[in-house]
Amino acid sequence: MAEEEEAGASLIAELYKPPALLPIAQLRNPLLYAIETFPVTIIVGETGSGKTTQIPQFLYKAGWTNDGSQIAVTQPRRIAATSVGARVAEELGCQLGQEVGYSIRFEDVTSEKTKIKFLTDGLLLREMLVDPLLKRYSVVMVDEAHERSISSDILLSLLKKVLRARPDLRVVVSSATLDAEKFLDFFASDQGGTINMKEDYGTIVSIEGRTHPVDIFYTSSPTNNYIEQAVDTAMSIHTNESDGDILLFVTGREEIDDTIDMIADHIADLPPGSKTLQPLPLYAGLPTDQQMYVFQKPGENVRKIIVATNIAEASVTIDGIIYVIDTGYVKLRTYDPAVGIERLNVVPVSKASATQRAGRAGRTRPGKCYRMYTEAAFEALEPATFPEIQRSNLAPVVLQLMNLGIQNVIRFDYLSNPPSALVVRALDLLFSLGAVDIHGRLTKPLGARMAELPLEPMLARTLLNAPSFGCFSEMLSISAMMTLQGTAFVAHDGNQKLLEKARRRFAVKEGDHITLYNVYQAFTNPAVGKQSSQWCRENCLNYKAMLKAVSVRKQLRNYLDRMGIQENALASSDAMTRGGLDVSERVQRCLTTGFFAQAARMKSDGSFVTVGGETVLWAHPSSIFFHRNADWVIYHEIQETKGKVYIRDLTTVEADWLTEYAPEYYKVKQK
Ligand code: CDP
Ligand code: MG
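Counting restarts for each chain: residues are numbered from 1 in the order of the written sequence. To read the labels, note that chains go from A and ligands from 1, taken in the order they are written. Local features in a predicted model are, by the rule used here, given only for residues with pLDDT of at least 70; side-chain atom pairs are given and counted only at 80 or more, and totals for whole chains, interfaces and linings are based on all residues. With hydrogens and water set aside, each side-chain value is computed from the structure's full complement of heavy atoms.

Overview of the packing of aromatic side chains
Ring pairs shown here join Phe, Tyr and Trp side chains whose ring centres sit within 6.5 Å, with only the six-membered ring taken for Trp; geometry is labelled stacked below 30 degrees between planes, edge-to-face above 60, and tilted in between. As enumerated under the stated definition, the model contains 13 aromatic pairs in all. Residues Phe217 and Tyr370 carry aromatic rings whose centres are separated by 5.0 Å and whose planes lie at 20 degrees to one another, so their mutual orientation is stacked. Of this pair, Phe217 sits in strand β9 (residues 214–217) while Tyr370 is found in strand β16 (residues 367–371), placing the two residues 153 residues apart along the sequence. On the basis of relative accessibility, which here comes to 33%, the residue Phe217 falls in the partly exposed class. Look at Tyr370 and you get buried, because its relative accessible area is 13%. Helix numbering and strand numbering both begin at the N terminus, where a helix is a DSSP run of H or I of at least 4 residues and a strand a DSSP run of E of at least 2. Each residue gets one of three labels from its accessible area relative to the maximum for its type: buried under 20%, exposed over 50%, partly exposed in between, using a 1.4 Å probe on protein chains only.

Next up, the structure:
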């Protein structure tokens, strides 16, 4: 007992690591010197060494914002931007949104006073539309550059251009892995690849790692149920190993829920009086109030087990982790340009990822990592994950680049070139949506407006078409609901049956979009939902998400106002019978004008096939067409899980509309 208490006390002492003790503290002066001297500084250091939270503070205190400029720190993930912003505000003793703030899509927590701004890399790209030289910033720090997110890659290319026009700008690239040379070579090279005066241009600063050894354990034979095996491992750690929290990596939200359920079952079997195990989820899009629990110290006699997606691999740091369980898989978005569909596949992690995951166990003291695969399987892993730009639907980013005045998106100075098939496919899609003309140029105003709206091109096009279909108000609400990405409904206390019942209350035969519209209407109706949390609970809705939809809708409306796009003279309610079409049909037709490229038809066995008949699709269980008949539909998202391809957010359409609104596209298809 006494021993346990002592271990607990020293653990707490180790957990509280004031910034002065972080590995980066010794590098403060060399780092400031480098940034002062060179346009580009690459900083390499293990996760947890203090790059994200300390460098912006060093710069701020050294006077980099004294002339009224700001410091931008970009993150690939929203959850990182918000949580790190909060942390730095706390360290500086200010309120979030004052000297330190964050900005993510549809959520700007900054003010006139803000000096240090955390934002997603995608959002900084958007800022370049209005401020191409990023004049308001003295320093731009591209954080987590090793993740190679599409937006941070593009940002690096654009910053390289900006530096030519703004020698005063300072670029800091931070990376958790040892690919620093590649970044520096990129900045120093001209487009032909010749490397000039690298020494004058930039420098690399490395932080000495101060991590502890991590023992790695493998399974002796391959497992066919990695979740079950991971849960068993967790329980065995909990009963046999000393204090310290557990971090368990799975691939997605559903696996997180399953894992937590299974752990909960096991906890019930623990002998009375034993130490408690507290399972906590962590994934992108987890409501902010729930994120807090993950970062909080567990109570006395409680061991936390955080069940996370690979979000916990590098961008979010949780203190107190001693044990890591790595199931060895990750959900990776890949885009198949041949059929034009995006897939979210569960694939084995790369070696770099597995190593990074294991490292999470050695931050406070020696740790242990349990891999749910064999050593031979580890050896066979790919060395690193392919950059996102080489496996994504490039339509959104190509549209952005064109709107930034980049004419030739094929010859653009990429950090890694995307396969040309991806660029060509993106241009084709943008052409069919009317954003690009036959000469490959951005159309004005349509293409430019689509780029300006913070929505993916298909949804942007749909919304811009809405006034002419007399469903502007409806499409605004639907677009806002779509940005929630399936988080509107929640099963309170895990009760799926209640959730299904609630969903049915709002459901209509036309499909999921209008169902979501009904949800929005009911929530905002002063006689029904009254925007109350109570009503949300009764209807299995996520109150915070619904409030967000209200805010997003307002912001979208402002964008359109600024473009001079408004509801037609006829208010939507008067337009109910306009052209003899009821409002549902107008919404359905309008959706077709944006999503015609994602059409499918239901077969008698309940599955769907794409227009060319290449791919078999299934309605996702969250859709009202799960176990319900339909004919032609358009869908919003496609996702492959365990070999089955699911489509989400379906609305029925008529086959004629596809050729009516996208004659060019379907002419090509029929060939
Ligand atoms: O960026 P890097 O991975 O190098 O480190 P960091 O995110 O700046 O973290 C430095 C320290 O601050 C670590 O000990 C983190 O655990 C801590 N931190 C925290 O407690 N809460 C946060 N939201 C972010 C960081
Ligand atoms: Mg960091």
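Some points on the site of ligand 1
As a structural note, the neighbourhood of ligand 1 is formed by 14 residues, with Gly48, Thr52, Thr53, Arg87 and Asp319 the closest of them. Contacts described as polar in this section are N or O atom pairs within 3.5 Å, which, within protein, must combine one atom able to donate a hydrogen with one able to accept it, while residues neighboring in sequence count only if both atoms come from side chains. At a separation of 2.9 Å, an oxygen atom of ligand 1 approaches a polar backbone atom of Gly50. At a separation of 2.6 Å, an oxygen atom of ligand 1 approaches a polar side-chain atom of Thr53. Accessible areas in this description were obtained via Shrake-Rupley with a 1.4 Å probe; residue shielding takes into account the shown protein chains only. In the complex, 91% of the free accessible area of ligand 1, which totals 530 Å², lies under the protein chains. Each residue is tested against the molecule or strand, and it is near if at least one of its non-hydrogen atoms lies within 4 Å.

Regarding the layout of surface pockets
Definitions used throughout: a 1 Å grid over protein atoms alone; a cavity as a set of points that fits a 1.4 Å probe which cannot get out; a pocket as an open set with protein on both sides within 12 Å along at least five of seven lines; a lining residue as one with an atom within 4 Å of a point. Grid points are joined across faces, edges and corners, and a volume is the space filled by probe spheres set on the points. By volume, the second largest pocket is sized at about 680 Å³. No other element matches the 5 residues that helix α5 (residues 121–130) contributes to the lining of the second largest pocket. As a working rule, the residues Ala, Val, Leu, Ile, Met, Phe, Trp, Tyr, Cys and Pro are called nonpolar, Asp, Glu, Lys and Arg charged, and the rest polar, with Gly in that last group. Partitioned by chemical class, the residues of the lining of the second largest pocket number 8 nonpolar, 7 polar and 9 charged. Each domain's extent was defined by an automatic or database domain assignment. Two domains each donate at least three residues to the lining of the second largest pocket, and these are domain 1 (2–207) and domain 3 (453–670).

As for the pattern of salt bridges
The term salt bridge refers to a pairing of a side-chain nitrogen on Lys or Arg with a carboxyl oxygen on Asp or Glu at a separation within 4 Å. Evaluation of the coordinates by the stated rule reveals 19 salt bridges. A salt bridge links Asp153 to Arg148; its shortest N-O distance comes to 2.9 Å. On the basis of relative accessible area, Arg148 is assigned to the buried category, the value being 9%. For Arg357, the salt bridge goes to Glu313, with nearest N and O atoms at 3.1 Å. Of this pair, Arg357 sits in helix α12 (residues 351–359) while Glu313 sits in the loop between β12 (302–308) and β13 (321–326), and the two are 44 residues apart along the sequence. Both residues of the pair, Arg357 and Glu313, belong to the buried class. Among the charged side chains, a network of salt bridges with common partners joins Glu313, Asp326 and Arg357.

So, the side chain of Arg586
Secondary-structure assignment places Arg586 in helix α23 (residues 583–595). It turns out Arg586 is buried and unbridged, and the closest side chain with the opposite charge, Glu474, is 5.8 Å from it. Positive residues here are Lys and Arg, negative ones are Asp and Glu, while His and the chain termini are left out of the count.

Structural notes on the domain arrangement of the protein
As assigned here, the protein comprises domain 1 (2–207), domain 2 (214–388) and domain 3 (453–670). Distance between the C-alpha centres of domain 1 and domain 2: 27 Å. The contact criterion used throughout is that any non-hydrogen atoms of two residues lie within 4.5 Å. Counting from both sides, the interface comprises 20 residues of domain 1 and, opposite them, 20 residues of domain 2. For the domain 1 and domain 2 pair, buried surface summed over both sides reaches about 1900 Å², with 58% attributable to carbon and sulfur atoms. Counting every contact that joins domain 1 to domain 2 gives 0 salt bridges. Across the contact surface, domain 1 and domain 2 share 3 residue pairs in polar contact (both at pLDDT 80 or more). Of all the secondary-structure elements, those providing two or more residues to the side of domain 1 that touches domain 2 are α1 (2–15), α4 (78–92) and α6 (150–165). The leading source of residues in the side of domain 1 that touches domain 2 is α1, at 5 residues. Tallied by class, the residues present in the side of domain 1 that touches domain 2 amount to 6 nonpolar, 6 polar and 8 charged. The quantity reported as buried area is the accessible area (1.4 Å probe) lost by two parts once they are put together, taken as the sum for both.

A few points about the confidence of the model for the protein
pLDDT: the predictor's confidence for each residue, scored from 0 to 100. Across the protein, pLDDT averages 89, with 93% of residues at or above 70. Across residues 1–16 the pLDDT falls below 50, and counting only partners more than four positions away or on other chains, this stretch makes 9 contacts in the model.

Let's talk about unusual backbone geometry
The linkage connecting Lys444 with the following residue, Pro445, adopts the cis geometry, with an omega of 5 degrees. Of note, the phi angle at Leu134 is positive, near 50 degrees, even though the residue is not glycine. Along the polypeptide, Leu134 turns up in the loop between α5 and β6 (137–142). Positive phi values are uncommon outside glycine, yet Asp649 reaches one of about 55 degrees. If you trace the backbone, Asp649 turns up in strand β21 (residues 644–652). Accessibility expressed as a relative area gives 19% for Asp649, which makes it buried.

So, the nonpolar core
Buried together is how nonpolar side chains tend to be arranged in soluble globular proteins. Definition used in this section: a nonpolar core is a set of buried Ala, Val, Leu, Ile, Met, Phe, Trp, Tyr and Cys residues joined via side-chain atoms within 4.5 Å. Phe187 and Met475 are the most contacted members of the largest nonpolar core, which totals 116 residues. Here this core takes 8 residues from α6, the largest share from any one element. Counting only domains with at least three residues in this core, you end up with domain 1 (2–207) and domain 3 (453–670). Discounting residues that sit within four places of it in the chain, Met475 has contacts with Leu459, Thr462, Leu463, Ala466, Val587, Cys590 and Leu591. In terms of nonpolar packing, the next biggest core, distinct from the first, is built from 41 residues, Leu282, Leu286, Ile322 and Ala361 among them.

Side note on helix α14 (residues 395–403)
For α14, a buried count of 7 out of 9 residues is recorded, marking the element as mostly surrounded by other parts of the structure. Taken together, the buried positions of α14 are Ala395, Val397, Val398, Leu399, Gln400, Leu401 and Met402. Those residues of α14 that are buried lie in contact with α5, α6, α15 (420–432), α16 (446–452) and α17 (457–465). Remark: Gly405 follows α14 within two positions and exhibits a positive phi of approximately 90 degrees.

Regarding a negative patch on the surface
Residues enter a patch when their relative accessible area is above 30% and they make no salt bridge; the linking distance is 9 Å between like charges and 5 Å between nonpolar side chains (Val, Leu, Ile, Met, Phe, Trp, Tyr). Note on charges: their place is set at NZ of Lys, CZ of Arg, CG of Asp or CD of Glu. A cluster of like negative charges, contributed by Glu254, Asp257, Asp258, Asp261, Asp265 and Asp269, occupies part of the molecular surface. Note on placement: Asp261 falls in helix α10 (residues 253–268).

Side note on the packing of α6 against helix α7 (residues 180–188)
Close contact between α6 and α7 brings their axes to 10 Å; oriented N to C, the two are set at 40 degrees. When the axes of α6 and α7 are compared, the pair comes out oblique. Considering how the two elements wind past one another, α6 and α7 form a crossing that is right-handed. Counting all contacts with α6, which are made through Leu156, Ser157, Leu159, Lys160 and Leu163, the residues of α7 involved are Phe183, Phe186 and Phe187. Residue classes in the contact of α6 with α7 are distributed as 6 nonpolar, 1 polar and 1 charged. Only the contacting stretch of a helix is used when fitting its axis, a line to C-alpha atoms as for every element, and angles between N-to-C directions run 0 to 180 degrees. For classification, angles of less than 35 degrees are called roughly parallel, those exceeding 145 degrees roughly antiparallel, those between 65 and 115 degrees roughly perpendicular, and all remaining angles oblique. Left-handed describes a crossing in which the near helix is turned anticlockwise from the far one by less than a right angle; the clockwise case is right-handed.

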